[in-house]
Amino acid sequence: MTISTRTDLLPLSRRPTSRFIPGLASALVSAIMLTACAGQGTQDMQTVAAQDRALFAHRYVESMPSTDWNRMEYIRNLQAEGQSLKAIELLKPMARTHPEALYELARIYDDGAGVPRDPELAVHYYRQAVPYEFSGLDNASLKLGRLYLAGDGVKRDPALAWNLFQQAIDHDGNPSARIEVAEMQLAGEGVPRDVDAAREQLEKAAAQNEPRALEKLAENYAAGGAFGNDPSRARAYAERYAQAMTSRAESGDVDAMLALSRLYAEDGLLPQPERQQQWLNRAAESGDPQALAAAGHLLLDRQDPSEGLSMLERAAQTGNVDAAYWLGQAYLGEGQVEADPALAEKWLTKASEQGQLDATRSLGQAHFDGEVLPEDPQRGIQLLEQAAQHNDAYALALLGNIYLDSDKIQAQPQRGVEYLKRANRLGPPYATARLGEAYLEGEGMPADPVQGVALLTDAANQKQSGAARTLGIAYMDGTGLQRDPAKAQRWLSLAVEQDPADTTSKTRLGQGYLEGKLPGASHQGVKLLEEAADQGDAYAMVVLGRAYREGVGVSPNLNRSELWLQRAERAGHPSARQALARTYRASGEQGNIDDLIRAANMGEVPAMADLGRAYLRGQGVRASYASARKWLSKAADAGHPGATASLGQMYAEGLGVGVNKRRAAGYFERAIAAGHVGAQADLGQMLLTGDGIPADPQRGVRLLTRAANAGHGSAGVTLGEAYLNGTGVAADPERGVRYLSQAAERGDDNAQRVLGLAYLEGNGVDADADEAVSWLSRSASNGNASAQAALGSAYLEGQGGVTQDIDKGKQLLTAAAETGHAGAEAALGRAYLSGEVLPRDPHKGAELLVDAARQGHRSARISLAQAFLQTRGVEFVNQQQAMIWLDGVMEGDSETAIDTLQDLLENPEAATAAGDASST
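Chains are numbered independently. Their residues run from 1 in the order of the written sequence. Local features in this predicted model are restricted to residues whose pLDDT is 70 or higher, and side-chain atom pairs enter the listing and the counts only when it is 80 or higher, whereas totals over whole chains, interfaces and linings include all residues. The basis for every side-chain value is the complete set of non-hydrogen atoms in the structure, without hydrogens or water.

In DSSP terms, a helix is any run of H or I states spanning at least four residues, a strand is any run of E spanning at least two, and both are numbered starting from the N terminus. Of the regular secondary structure elements, the protein holds 49 helices and zero strands. Every one of the 920 residues in the protein was classed for burial, and the buried ones make up 49%. Expressed as a percentage of contacts within the protein between residues at least 6 apart in sequence, the contacts between residues at least 24 apart total 47%. Throughout, exposure labels follow a simple rule: accessible area from a 1.4 Å probe, protein chains only, divided by the maximum for the residue type, with under 20% read as buried, over 50% as exposed, and the rest as partly exposed. Any pair of residues with heavy atoms lying within 4.5 Å of one another is described as a contacting pair.

Right, let's get into helix H16 (residues 321-331). Burial runs high along H16: nine of the eleven residues are buried. Three or more residues of H16 are buried, namely Ala 323, Ala 324, Tyr 325, Trp 326, Leu 327, Gly 328, Gln 329, Ala 330 and Tyr 331. Along its buried surface, H16 packs onto helix H14 (289-299), helix H15 (306-317), helix H17 (341-353) and helix H18 (357-369). Counting of polar contacts relies on pairs of N or O atoms within 3.5 Å, with two restrictions inside protein: one atom must be capable of donating a hydrogen and the other of accepting it, and residues adjacent in sequence are counted only when both atoms are side-chain atoms. Residue Asn 320 occupies the N-cap position of H16, its side-chain oxygen lying 3.2 Å from the main-chain nitrogen of Asp 322. Of the residues one or two after H16, Gly 333 is the one with positive phi, at around 100 degrees.

For the protein, mean pLDDT is 85; residues scoring 70 or higher make up 89% of the total. Known as pLDDT, the predictor's per-residue confidence is scaled from 0 to 100. Across the protein, element-level confidence peaks in helix H28 (residues 538-550) with a mean pLDDT of 96 and bottoms out in helix H1 (residues 25-32) with 32. This stretch, residues 872-878, has a pLDDT under 50; its non-local contacts, to residues over four places away or in other chains, come to seven contacts.

Positive phi is not limited to glycine here, since His 58 has a value of about 55 degrees. On the basis of relative accessible area, His 58 is assigned to the buried category, the value being 12%. Notably, Asn 209 is not glycine yet its phi reads approximately 60 degrees, a positive angle. Mapped onto the secondary structure, Asn 209 falls in the loop between helix H9 (195-207) and helix H10 (211-221). Under the relative-accessibility criterion, Asn 209 is labelled partly exposed at 39%.

Among the secondary structure elements, Tyr 584 is positioned in helix H30 (residues 576-589). According to the relative accessible area criterion, Tyr 584 is buried, its value standing at 6%. Spatially, the C-alpha atom of Tyr 584 lies 7.6 Å from that of Glu 562, the residues being 22 residues apart in sequence. With residues near it in sequence (within four places) discarded, Tyr 584 still touches Glu 562, Gln 566, Asp 595, Leu 596, Arg 598, Ala 599 and Met 602. In terms of polar contacts, Tyr 584 uses its side chain to reach the side chain of Gln 566, at 3.2 Å.

Our focus in this paragraph is the nonpolar core. Buried residues of nine kinds, namely Ala, Val, Leu, Ile, Met, Phe, Trp, Tyr and Cys, make up a nonpolar core once their side-chain atoms join them within 4.5 Å. Leu 260 and Leu 263 are the most contacted members of the largest nonpolar core, which has 65 residues in total. Excluding residues within four positions of it along the chain, Leu 260 makes contact with Ala 242, Met 245, Thr 246, Ala 249 and Trp 279. Formed by 59 residues, the second largest nonpolar core is a distinct cluster that contains Met 541, Tyr 548, Leu 647 and Met 686.

This part is about the packing of aromatic side chains. Between rings of Phe, Tyr and Trp, where Trp is taken as its six-membered ring, a pair exists when centres lie within 6.5 Å; planes separated by under 30 degrees are stacked, by over 60 edge-to-face, and by other angles tilted. Overall, the coordinates contain eight aromatic pairs when judged by the stated rule. Relative to Tyr 125, the ring of Tyr 109 lies with its centre 6.3 Å away and its plane at 10 degrees, an arrangement referred to as stacked. With Tyr 109 in helix H4 (residues 99-111) and Tyr 125 in helix H5 (residues 119-129), this residue pair connects regions lying 16 residues apart in the sequence. Taken individually, Tyr 109 and Tyr 125 each receive the classification buried, so the pair is uniform in this respect.

The span you would expect from a helix comes to 1.5 Å times its residue count less one. Look at helix H22 (residues 429-441): 18 Å from first C-alpha to last across 13 residues, which is about the 18 Å you get at 1.5 Å a residue. Listed as buried for H22 are Ala 431, Thr 432, Ala 433, Arg 434, Leu 435, Gly 436, Ala 438, Tyr 439 and Leu 440. Looking at the buried side of H22, the elements it contacts are helix H20 (393-405), helix H21 (413-425), helix H23 (449-461) and helix H24 (465-477). Positive phi shows up at Gly 442, right after H22, with a value of about 70 degrees.

See the structure below:
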């Protein structure tokens, strides 16, 4: 025990040099003798016997010289090394002159430090030391007071103990003495009970960071404490207590380890299971049976439970009933332990025979279930009844469950409810909650929501978090109760508050906040879900992953979605893989082709379809018809209508496969059966004209009409053109214009183009230049190059009543030609060759005509062929020969073709012939 005020810790140059002179002892005693109450503080002194008054004399004594301080330091080192007998031998001569030596002797015998403990001898030496004013007076008074308070080695004397504690406080504010005084005041032991004075003493001791004072303050500020319910103060003092005790425990103090395990226990002031386990493990190394049992029990949940089993067996062999029970439970296969029926029955039976009701109940349940022990429902019920006879509420609840709905015995609903009612009357909130759930769900009796809510509310108010959770989920989902978001929020919040480890409540509450189903902020939902996920709740991880993918309650973030869903997959949640594949698909939709491939490989059918179309169009990957057909086929086989329709388009257009209109129609039929609108349009167009399959205009029109009415733009255009031109159906220009107008108004640029051309040419409608320009302009502004070309030609030539605007026409045709539009190139090329509306430029005209001709544009090829024939005086009837020549020229180097044709078109007659060539 260290002394609170020690001059031996000072440097030698600062140590006092005066010393106690034996010859002057009696004179000093008589000269400075104080009264029994002298030096006492504000606390009243208790009456003490005359022979004890000298303990409070406060005699002056000179400090030891530096040589004696050095000797004292040497003696203390001997004690630390376990050489207490040698230390005692050296202390006794010094005790004749130095109270410090008397205190050291008393402490050795009080603590039993290296010698058998001798409290009587400790009292003898303490009593000789405490009359003097020396550095260790406070600790000597404290220790002597404790011996008198406990009657340890001396007759019990609380009044004398009180005065000694006060002397320790007055000497140096000794915090341990303040705690002793406070406990006496709280208990009214030897002094009147005084809560306020006790609180003051504890707070003064806590100011000196005394662990026991911190613990006492935490306990008394907690619910049920003497100082009222103040959770914030209770926690603050508990955390300071933990810090102080940790320092001691780290130095090997087993009592401090056990104190920390109690502090961190589920029902402790700072419940933290992991820390509780840590300190119990450390304490268990001391061999204490209860510590061994508790630590072993916690270790069973580890990856390797062998150490836990070993600890429990050691504790059980000493007769520890809890260890026997936990061993039996472990061998039933709980946690990481492999089930062992023989050992489970052995240890549970031992614990049950010692009156451990939990063991009796567990043994009964195990025999009834028959999952590990041999199934024996009758023996199981017999054991449960045995526990129930001792009013074990959980056994009663189990019997209630059995008689309500077990298929192993004849159902006795009324008896089951009676067992639950008996359990409820015993008071455990679990039984109340179980009975409430039975009423709410109508288990074995007509549902009674009113009674169910009343019982569950009662249990929840007794901090049974499961009852609060049941109520919250019922109000949230509308199961047995009418949906009530406010009540659901209140009960689920209470469940989380009562049991921070209840991840189900956290997840449901967080999900409700996030999805807007419960009143509360989305950030609260994220926090709760993250807490639940960090506690291992895999469904919370899935909810977060989906939320970040869809942007529900949070900003969309596919990276976070991926991370949460990967965690959920590792945690084993069954829907995590599919959800993760959807996140990869969403990333693929944003252009990450690697993620799209991941999703497809994970079996995400829509991703397979997307990947197939990506290979088909060369979007994000190199175009590959073989890969496109592979993935589209997989998706189609899985029933994806879009993939099926895309396969039909591949066979219809001969993309990577031979053109096979019948097979294309078969795929379109499958897609239509699955509701695909685009397939209706595609097959309808084929049936309308008999494109590769027998024509069926009536069905074709029906399919196209259904697709158009569903908003499919190209179906409306096809249908409109068909009625406008009488293709496959009786001409009905008015209906055709109506379909085209509907599609055009919805923004379909092709419908806008066709409608504009109809007004330009007066096809099925009265020619109307303004309408033509309006629709062609809208189509062109939507990026339709054909509309740009048509409108450009109209402006350039002043066609269809459109006011000629050469600059605007040139601008539109040039823009279309730059996109590679062959019609625009041909029109612009002829204009440059003819020189009528644009400055004549044979070189540019030839270049544009060749580009158009190389794309197969018929009028461009005819223009070039006619130019050739004209220069040779050959009639146009020899057009086929000219075409053959033209093909030969164009198959060579393009620059050569341009040069050759440019030279040809330098002939004015040839250029005129090319510019005047028919565009049909």
